Structures are given as structure tokens and as C-alpha cells.
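# Structural overview for review
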Amino acid sequence: MTTSLRITWDAASARRAERQHLTGPARPGTPVAEVVGAMRGAHAQVLSAAEVSVGMRADGVTRADVRAALWEERSLIKTYGPRGTVHLLPTHELPLFSAALSAVPSGPSPFPPDARLTEEQVRQVVTAISDALDGRYLTIDELSEEVVARTGPWAGDRVMPAFQDMWPRWRQVMHRAGWAGTLCFGPNRGRKATFTRPAPGDLEADPSDALAAFVDRYLHTYGPATPKHFARWLAAPPGWAMALFDELAAAGRIEQVLFEAAPAWVAAGDTDFPDGPPRGVRLLPYFDAYVIAGQPRERLFPGQAYHRALGGGQAGNYPVLLVDGVVAGVWHQRRRGRRTTVTVEPLVRLTARQKRELDEQAQRVGEVLEATAELVVGEVTVGPHA
């Protein structure tokens, strides 16, 4: 297939930033779930990072608003999303995520052969989780007891290395239960996380239709993109992603463009791009969606940023400073009571305007976290995930 439409990096990054509220924040009153939907989910392994991801994209939104959407309004759901990692997702999009993610083939197991589960055992564990969580909120230890009781001692064998500990065998497929729509997080019980089943709803969908809609949403936010980019975002087999894109192209659902002189894809008809680049200074937290999904990574992390802000080529290990849509530094915040110190290490020389914007962004971080922020410009001395 040939194409004459050429998309530059500046144009692509400008559209990506605009569509997920990084060119300017969402208008006051925009539902929190709408902001999360524009990101295609907010990484929430650490909930405070997800709260900052959302709050930096929406005027006036604080962590309290995100928690209210999650635990009171239930317009957000905390569950396993792309790459099998914990995300905040719009509740009304759970059927789409569930059908699409469940249709993604699993790659090779990272565990030794004697620690793995067969597909039949996976089915038994997912069913046990669903039954155990029906109308209940259980801690991980309580859920483990229920799963082992419903399946067999093999599910409880401590064969899964994790955080200087060994976890029971069944936990390696918790994300599969999340994708199946049979598990999500509930409110903490004290300092312990709880799990429950999502509220009853229609989780049935044709996986092929769900995948087409899922790719369409991904390309709307992160296109132009290649099958390899999509596979990396999902942690899916690249060959499967390539076959999927070929199928969608043949059906007229996606179309090819030249992105930085290389073939890439956008949703069919979605070919309007601003001139770019995006302008402005932004602070984004650990594993923010913009840096996780943004490709090609060497353009998003130019020069020194590629070595300073990535960990072995993996994005998200450090909170990042964006300047005009690309990573131009790292930052860290340390909270003490009602105050937080935001230390930013720029990798480029900032103009007077950019310094003012940086100060505004630091203050905004404080507002999101319901704290008073102090900006310090200097070296970030902590390592990744600090």
C-alpha cells in the first residue's frame, strides 16, 4: 500500500498532547473518567502517581476528586489493564477493555516450567476468583485461601518470586481475572488492599469487534503508530499485532501514512494534524501514559534524556519534565506533612517563560496532592521508583 500523506514528529506529538489534555488542561467540570479515557487508562500501580497523571490534565482536580470517582461515584475502576499492570479505567469502558485484552494472546511465560499454570488451571483459578469475590471484599490473603480451597493445594504452592518473597502459584494470573472482568480493586481495609468483582453489567462482546474498536481508540490518542508500537504498549506478540493491523487495513478500518518517512497507521479518516510542536512545560509522574505509549521512543527521549530518564530503554521509571512535547529532564517530590518539595533536574537550558511555567507546574503538583509545593531546581539524587 502506498500513501502520500506525510506526518512529522512535531505534528504527531502536538496531536497526541492535545488529545490527552497536555496542550492545555481539560475544561473545568470535565468528568475525571473522561480525562482518564483520553489517556487510554492511567497507570496506577502507585495510586498517587495516577492521581498526579489525572490532576495535571484537568483544572482544579485533586487526588480527592480522583478517589471520589473511584470509590464513591464508581465512574472509575481500578483493575488490570494493558501489559497486565494496574490501571484506572473508565468504568463504562470496562467491557471494551475486558473483551479486547482477553483476546490478546499470551507470550512465553517468564516463570520456570515447574512454576507455570496450564490453561486448564488458569481457567480454574479465574473461575475460583470470580466465585470468591461475588458480593465480597477480600484481602489478598483471604482471596488466596478461597482460591486454594476452590481449586487445590497446587494453586497455593509458593513458586512465584516477587519482592524478596515467594507468592502462591495462582497469583501469576491475577491480571487474567482482571481482564475477564471478574476481579477489580476495592477500597483499602486499613493499610491492606481489597479485591472484589465489578458490578454486574454486560461484559460480553465480540473480541474481533472489540479489538477493532480498541485499535481505533489507541490510534486516536497515540497515532501514527506501527503494529510494533501497539504490541509494545500491550506487551503482546509483535506477529499477532502485525496480522491484526493487516486485517484492519484490509477492512478499511485503518490507513497508512508516512511518519518520519516510515510507514505507520492512523484510524481511517483521522488524518488532521496540527503544525506542532506542542508548546509548554509539563511535569508528568511515574509511568504516565504519554511517555509509556509515545513512540518512537528515541524521539520522545532525545539526546541525554534517553540515558537519564529511561531504565534499560523502559519508560516510566522516572517522573519526567516535558518541554515542548519531549522529555527534557527528571523530577522527584518528597512530602513532609502538608508540604512537598518538588526537585526538578532540567537537561536543557530553560527560558524565562519556561521557568515560570515550571514553577506553575510544581505548584500544580502540590495542589493535586493537597499540599503546599516548593520548587527546587537541581540534581535529582534518588534512583528510579524512589
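The structure we're discussing is the one just above.
A brief report on the enclosed structure follows. Here the residue index of a chain counts from 1 through its sequence in written order. Local features in a predicted model are, by the rule used here, given only for residues with pLDDT of at least 70; side-chain atom pairs are given and counted only at 80 or more, and totals for whole chains, interfaces and linings are based on all residues. The basis for every side-chain value is the complete set of heavy atoms in the structure, and neither hydrogens nor water enter the calculation.

Turning to the packing of aromatic side chains, a few remarks are in order. Centres within 6.5 Å are what make two rings of Phe, Tyr or Trp a pair, Trp counting through its six-membered ring; a difference in plane orientation under 30 degrees is then read as stacked, over 60 as edge-to-face, and the rest as tilted. As enumerated under the stated definition, the model contains 10 aromatic pairs in all. By way of ring pairs, the aromatic residues Phe97, Phe214, Tyr218, Tyr222, Phe230, Trp233, Trp240 and Phe245 are connected into one cluster. Definition used: whenever NZ (Lys) or CZ (Arg) falls within 6 Å of the ring centre and also within 35 degrees of the ring normal, the charge is taken to sit over that ring. Here Lys78 stacks its cationic end above the ring of Phe185, 4.7 Å away from the centre of that ring. Between the NZ or CZ atom of Arg171 and the centre of the ring of Trp167, over which it lies, the distance is 3.5 Å.

Attention shifts here to the sheet that holds strand β8 (residues 184-189). Only when DSSP finds a minimum of two bridges between them are two strands counted as paired. Put simply, DSSP marks the helices as runs of H or I at least four residues long and the strands as runs of E at least two long, and each gets a number from the N terminus on. An order of β5-β9-β8 is seen for the three strands of this open sheet, with the pairing classed as antiparallel. Each edge of the open sheet is held by one strand with a lone partner, namely β5 (138-139) and β8. Judged from the two bridges that link them, β5 and strand β9 (residues 192-196) form a sheet pairing that is antiparallel. Directly across from Leu138, in β9, lies its bridge partner Phe195.

Take the sheet that holds strand β4 (residues 86-90) next. Pairing is antiparallel across the open sheet formed by three strands, whose spatial order is β2-β4-β3. Looking along the sheet, the strands with just one partner apiece sit at the ends: β2 (42-43) and β3 (76-80). Inspection of the sheet shows β2 paired to β4 by two bridges, in the antiparallel sense. Its bridge partner being in β4, Ala42 is matched across the sheet by Leu88. In what follows, residue pairs with any heavy atoms lying within 4.5 Å of each other are defined as contacts. Inter-axis angles, ranging from 0 to 180 degrees, are taken between N-to-C directions of lines fitted to C-alpha atoms, where helices are fitted over the stretch in contact. Across the face of the sheet, helix α4 (residues 63-72) comes into contact with β3 and β4 while running at roughly 80° to β3.

Each salt bridge in this description consists of a side-chain nitrogen of Lys or Arg and a carboxyl oxygen of Asp or Glu lying within 4 Å of one another. Taken as a whole, this structure holds 16 salt bridges when the rule is applied. Between Glu142 and Arg189 there is a salt bridge, with the nearest N and O atoms lying 2.9 Å from each other. Here Glu142 is found in helix α7 (residues 140-150), whereas its partner Arg189 is found in strand β8, with 47 residues between them in sequence. Residue Glu142 is classed as partly exposed on the basis of its relative accessible area of 29%. Here the term buried applies to any residue with accessible area under 20% of the maximum for its type, exposed to any over 50%, and partly exposed to those in between, with areas from a 1.4 Å probe on protein chains only.

It is worth spelling out the pairing of β4 at this point. Summarising burial for β4: five of the five residues are buried, a large majority. Taking every second residue as pointing to the same face, both faces of β4 are buried, with Val86, Leu88 and Pro90 on one and His87 and Leu89 on the other. Looking at chain direction, β3 and β4 are connected through five bridges and run antiparallel. If you follow Tyr80 over to β4, its bridge partner there is Val86. Between β3 and the antiparallel strand that follows it, β4, lie five residues; Arg83 among them carries a positive phi value of about 70°.

With that out of the way, let us pick up the nonpolar core. Working definition of a nonpolar core: buried Ala, Val, Leu, Ile, Met, Phe, Trp, Tyr and Cys residues. They are joined through side-chain atoms within 4.5 Å. Of all hydrophobic cores here, the largest spans 107 residues; its most connected members are Phe230 and Phe301. In terms of residues, this core owes the most to one element, helix α9 (residues 207-222), which gives nine residues. Core analysis: the next-biggest nonpolar cluster, separate from the first, contains 17 residues, Val323, Ala362, Val368 and Leu369 among them.

The subject of this paragraph is the packing of helix α10 (residues 227-234) against helix α11 (residues 238-250). Direction vectors running N to C along α10 and α11 enclose 125°, while the axes themselves pass 8 Å from each other. Judged on the interaxial angle alone, α11 and α10 are oblique. The two elements α10 and α11 meet at a crossing, and its hand is right-handed. Mapping the contact onto sequence places Pro227, Phe230, Ala231 and Leu234 in α10 and Pro238, Trp240, Ala241, Met242, Leu244 and Phe245 in α11. Considered class by class, the residues forming the contact of α10 with α11 number 10 nonpolar, no polar and no charged. Should an angle fall under 35 degrees it is called roughly parallel, over 145 degrees roughly antiparallel, and 65 to 115 degrees roughly perpendicular, with every other angle called oblique. Rotating anticlockwise by less than a right angle from the far helix to the near helix defines a left-handed crossing, while the corresponding clockwise rotation defines a right-handed one. All residues other than Ala, Val, Leu, Ile, Met, Phe, Trp, Tyr, Cys, Pro, Asp, Glu, Lys and Arg, Gly among them, are scored as polar; the first ten of these are nonpolar and the last four charged.

Let us look at the environment of Gly37. Checked against the element boundaries, Gly37 lands in helix α2 (residues 32-39). A residue is classified by how much of its surface remains accessible, and Gly37, at 8% relative accessible area, is buried. Taking the C-alpha atoms as reference points, Gly37 and Thr91, 54 residues apart in sequence, are found 9.6 Å from one another.

Within the secondary structure layout, Arg176 lies in helix α8 (residues 174-179). With relative accessibility at 22%, the residue Arg176 sits in the partly exposed group. For the pair Arg176 and Arg123, spaced 53 residues apart in the sequence, the C-alpha separation amounts to 9.3 Å. What Arg176 contacts, discounting residues up to four positions off in sequence, is Ser106, Glu119, Val122 and Val126. Side-chain polar atoms of Arg176 contact the side chain of Glu119, separated by 3.1 Å. Any N or O atom pair separated by 3.5 Å or less is treated as a polar contact, with the protein-specific requirement of one donor-capable and one acceptor-capable atom, and with residues adjacent in sequence counted only for side-chain atom pairs.

Look at helix α6 (residues 119-132): 20 Å from first C-alpha to last across 14 residues, which is about the 20 Å you get at 1.5 Å a residue. Within the sequence span of α6, burial applies to Gln121, Val122, Val125, Val126, Ala128, Ile129, Ser130 and Ala132. Where α6 is buried, its residues contact β5, α7 and α8. Expected span of a helix: the number of residues minus one, times 1.5 Å.

The residue after Gly276, namely Pro277, is reached through a cis peptide bond having omega -5°. Note on placement: Pro277 falls in the loop between β11 (262-267) and β12 (281-284). Backbone torsion omega between Gln295 and Pro296 reads 0°, so that peptide bond is classified as cis. Here Pro296 lies in the loop between α12 (289-293) and α13 (297-300).

Everything listed here is a matter of geometry and, on its own, says nothing about what the molecule does.
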